[in-house]
Amino acid sequence: MAQIDATHDPRRQSWVTSANGHPDFPIQNLPLGVFSPGGSTLRRGGVAIGDMIFDLRAGVEASLFTGAARDAADKASSWALNAVLALGVEPRRALRQQLVEILDVAAPGGAPSDDLYRRLLHPMDQCVLYLPAHIGDYTDFYAGIHHATNVGQQFRPDNPLLPNYKYVPIGYHGRASSIVPSGTPIRRPWGQSKPADAAEPCFAPSRRLDYELELGIWIGPGNDLGAPIPIAEADRHIAGFCLLNDWSARDVQAWESQPLGPFLSKSFATTISPWIVTPEALAPFAMAQARRPQDDPLPPSYLLDRKDQRAGALDIALEVLLLTQEMRDTGQPPARVGLSHARHIYWTPGQLVAHHTSGGCNLRPGDLLGTGTISGPDRDGCGSLLEATKGGRDPLRLPTLEERRFLEDADEVMLRARTVSRSGFAPIGFGECKGRIVAAHSSSVSRGERDREATG
């Protein structure tokens, strides 16, 4: 597990003044991302610090880094961060330590000259943010036990969890090509569904569009094909975390999922926050995995490790906010529609990594895992509308007196996450993960559907 050291000192302040007390990006965080500054299309690696982005390429060119940190900064200054993710723990830690020393208000020589400052730092609101790495493969798990229970109760009230749930981390292979960075509009998908009162399925825009509140897990060093990652070493293969919204077309999902699981209902879009929050930044917020109920089975031996159980979970609060067109028009802020916590994940990130590779599957630097929807035990903690509205039967009432069963066009969903305050440590955050729904594309109508409509 990542170690607590001087980089976590809450008394540290930065000469980047907006970082001091920043709710997401104080000097104690320093997440990695890829951006292009205003007026440029050249992508490069950067670090979020307050309201600014530290340009790693400019830092390398100014000879601010030495040793392993220089190698890491050089690899992280590219258009994608895969090369630095592959380096693993020690170079990443060295980069973090030198970044803290450079950005600290007490750094030798203090703040850089005006010319160097302009080369090193770019206002975040004037930059374009991209996916931080090339994602070769994406897997979404189903590790939020309250989500699994809530959904299961809608279909199997007497037996919401299937027998395998508490023995094996459930997941499916998703579509990496449709993962997009925060702020990308989300087109309402077309799909085949079968309303309960219909004799046959129809092909139409989804009417039950939903969000899913998740954490994303970035893979660092991978493993060889056929060589599983032991649970005791799984944490060393995790390069960081992000927020993840696995948008879902529930009507399409209900029709297509039997017998092999979701397909087009999930593949149209997944939104992630653009910053990789490192395990080193989250070290003060590691916590014990939630104790299983007495009647639950112990994890299988290949997923059970004392260190992972003691400190493999994360003390992170997560929330979902919804902004409607009416809120926008009347100047109202987004409404919180869900507040949950990462402790509700039934399996640790390390267990997800170990299980993913247990059959010999090879993970590669830049691969992304989703935890699955993270819901709390109460309605206020639901991480999806499917749960919060009980399948659309009990709509949410918003402050504008609008109701929502599922998402409507122009609705914008925002996910946020921040560590829970702990004495002696500065809280850190993930930034926003947001997307606005736009209407389905008219050209998605198949020729067969148009012919059917034309002939009545």
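So, here's what we can say about the structure. (Residues numbered from 1 in each chain as written. Predicted model: local features only at pLDDT ≥ 70, side-chain atom pairs only at ≥ 80, totals over all residues. Heavy atoms only, no water.)

Considering helix α4 (residues 89-103)
Logical step 1: An ideal rise of 1.5 Å per residue puts 21 Å on 15 residues; α4 measures up with 21 Å between its terminal C-alpha atoms.
Logical step 2: Every buried residue of α4 is listed here: Val89, Pro91, Arg92, Ala94, Leu95, Arg96, Gln98, Leu99, Val100, Ile102 and Leu103. (Helix = DSSP H or I, 4+ residues; strand = E, 2+ residues; numbered from the N terminus. Expected span 1.5 Å × (residues − 1). Buried < 20%, exposed > 50% of the residue type's maximum accessible area, 1.4 Å probe, protein only.)

Here we look at the sheet that holds strand β7 (residues 171-173)
Logical step 1: An order of β7-β6-β21-β13-β14-β16-β8 is seen for the seven strands of this open sheet, with the pairing classed as mixed. Each edge of the open sheet carries a strand with a single partner, namely β7 and β8 (179-181). Pairs of neighbouring strands in the sheet enclose a mean axial angle of 30 degrees, with direction left out of account.
Logical step 2: Of the strand pairs in this sheet, strand β13 (residues 213-219) and strand β14 (residues 238-245) are connected by seven bridges, and their pairing is antiparallel. (Pairing = 2+ DSSP bridges. Axes fitted to C-alpha atoms, helices over the stretch in contact; angles between N-to-C directions.)

Section: unusual backbone geometry
Excluding glycine, most residues fall at negative phi; most peptide bonds, likewise, are trans.
Logical step 1: The omega torsion of the bond from Gln258 to Pro259 falls at 5 degrees, within 30 degrees of zero and hence cis.
Logical step 2: Among the structural elements, Pro259 can be located in the loop between α7 (250-256) and α8 (264-267).
Logical step 3: Notably, Leu30 is not glycine yet its phi reads approximately 60 degrees, a positive angle.
Logical step 4: When its relative accessible area of 5% is taken as the criterion, Leu30 is described as buried.
Logical step 5: One non-glycine residue with positive phi stands out, namely Ser63, at about 60 degrees.
Logical step 6: Residue position: Ser63 is located in the loop between α1 (56-61) and α2 (67-76).
Logical step 7: Residue classification places Ser63 among the exposed positions, given a relative accessible area of 58%.

Re the sheet that holds strand β9 (residues 186-187)
Logical step 1: One open sheet holds the five strands; their spatial order is β9-β25-β24-β19-β20, and the pairing between them is mixed. Of all the strands in the sheet, just β9 and β20 (335-341) have a single pairing partner and so form its edges.
Logical step 2: Pairing analysis gives eight bridges linking strand β19 (residues 316-323) to strand β24 (residues 412-419), with the strands arranged antiparallel. The residue bridging Glu319 from the neighbouring strand is Arg416, located in β24.

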